[in-house]
Amino acid sequence: MMSLTSEPDSRPLRRAVTPAGRRTESPVVELNVGGEFYTTTLGTLRKLPGSKLAEMFSSSAKACLDAEGRFFIDRCGTYFGPILEYLRSGQLPTQHIPEVYREAQFYEIKPLIKLLEDMPQIFGEQVARKQFLLQVPGYSENLELMVRLARAEAVAARCSRVLVCLVQNEKDDANCADALRSLEADKRN
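Note that the coordinates shown come from a computational prediction; the quantities given were computed from them, not determined experimentally. (Residues numbered from 1 in each chain as written. Predicted model: local features only at pLDDT ≥ 70, side-chain atom pairs only at ≥ 80, totals over all residues. Heavy atoms only, no water.)

Participant: Before we go on, may I ask you to explain the overall build of the protein chain in this structure?
Facilitator: Of regular secondary structure, the protein chain possesses eight helices and five strands. Along the chain direction, N to C, the helices and strands of the protein chain fall in the order β-β-β-β-α-α-β-α-α-α-α-α-α. Out of the 189 residues belonging to the protein chain, those deemed buried represent 26%. Considering only contacts in the protein chain between residues 6 or more positions apart, those separated by 24 or more positions represent 52%. Of the roughly 13,400 Å² of accessible surface on the protein chain, 53% is carried by carbon and sulfur atoms. (Helix = DSSP H or I, 4+ residues; strand = E, 2+ residues; numbered from the N terminus. Buried < 20%, exposed > 50% of the residue type's maximum accessible area, 1.4 Å probe, protein only. Contact = heavy atoms within 4.5 Å. Areas by Shrake-Rupley, 256 points an atom, 1.4 Å probe, with all protein chains shown as cover.)

Below, the structure is given as structure tokens:
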């Protein structure tokens, strides 16, 4: 889960005064997304329950605020605008589709993800990837095996062995040196 907190704040929402004089939490939210500034409502951010944005702005989430008191999200702000516009109006983006798709995946905006996957830019890439994988013999059958082998290889790469030679005289020292050189040669091959 992405957290909005690096420094928790006990007052994550602005306070507003109603005409009757009562103080309430304001539904208007100012955002700083990677240096890009946006103003929206809590309702828009919480529109899709289960999305990361709805989770971020739930009452239990802690908030990270910038120096001006705006909610800060440490993501590229360039492609957040189309995400916000989709939440507001259901309008699909017309530019930067792959980048918006990645952000929609990050924020877990599932309806937008599905709609973007039907667009030629994303659909074409997925089809091309699947066609490529179909040309790799045994790919799907051996995927699990390949993942296990890759993990084992990664673990093996992190392991090291230490060889300790205890020598009592120069002859033992020479024998140990020969054994070490032999091991080094085997390691290179």
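That was the structure; now back to the text.
Participant: Looking at this structure, how should I read the side chain of Glu103?
Facilitator: Considering the arrangement of structural elements, one finds Glu103 in helix 4 (residues 97-107). Looking at Glu103, its side chain comes within polar contact range of the side chain of Arg75, at 2.7 Å. Beyond its immediate sequence surroundings of up to four residues, Glu103 is in contact with Arg75, Cys76, Tyr79 and Ile83. (Polar contact = N/O pair within 3.5 Å; in protein donor to acceptor, adjacent residues only side chain to side chain.)

Participant: Looking at this model, I keep getting lost on the confidence of the model for the protein chain. Mind explaining?
Facilitator: Detailed reading of the predicted coordinates is not advisable wherever pLDDT is low. Chain-level statistics for the protein chain give a pLDDT mean of 78 and a share of 77% at 70 or above. Low pLDDT (under 50) marks residues 1-24, which in the prediction has 44 contacts with non-local residues, meaning those over four places away or in another chain. (pLDDT = per-residue confidence, 0-100.)

Participant: Explanation requested: the environment of Asp178 in the structure shown.
Facilitator: Considering the arrangement of structural elements, one finds Asp178 in helix 8 (residues 170-188). What makes Asp178 partly exposed here is its relative accessible area of 43%. A polar contact is formed between the side chain of Asp178 and the side chain of Arg181, at a distance of 2.6 Å.

Participant: Just checking my understanding: could you explain the packing of helix 4 against helix 5 (residues 110-117) for this structure?
Facilitator: Describing two packed helices takes the angle between their axes plus the distance from one axis to the other. Between helix 4 and helix 5, whose axes approach to 9 Å, the crossing angle comes to 150°. For the element pair helix 4 / helix 5, the angle class is roughly antiparallel. For helix 4 against helix 5, the interelement crossing comes out left-handed. For the pair helix 4 and helix 5, the contacting residues are Ile97, Val100, Tyr101, Ala104 and Gln105 in the first and Leu112, Ile113, Leu116 and Glu117 in the second. Looking at the contact of helix 4 with helix 5, its residues break down into seven nonpolar, one polar and one charged. (Axes fitted to C-alpha atoms, helices over the stretch in contact; angles between N-to-C directions. Parallel < 35°, antiparallel > 145°, perpendicular 65-115°, else oblique. Left-handed = near helix turned anticlockwise from the far one by under 90°. Nonpolar A, V, L, I, M, F, W, Y, C, P; charged D, E, K, R; others polar.)

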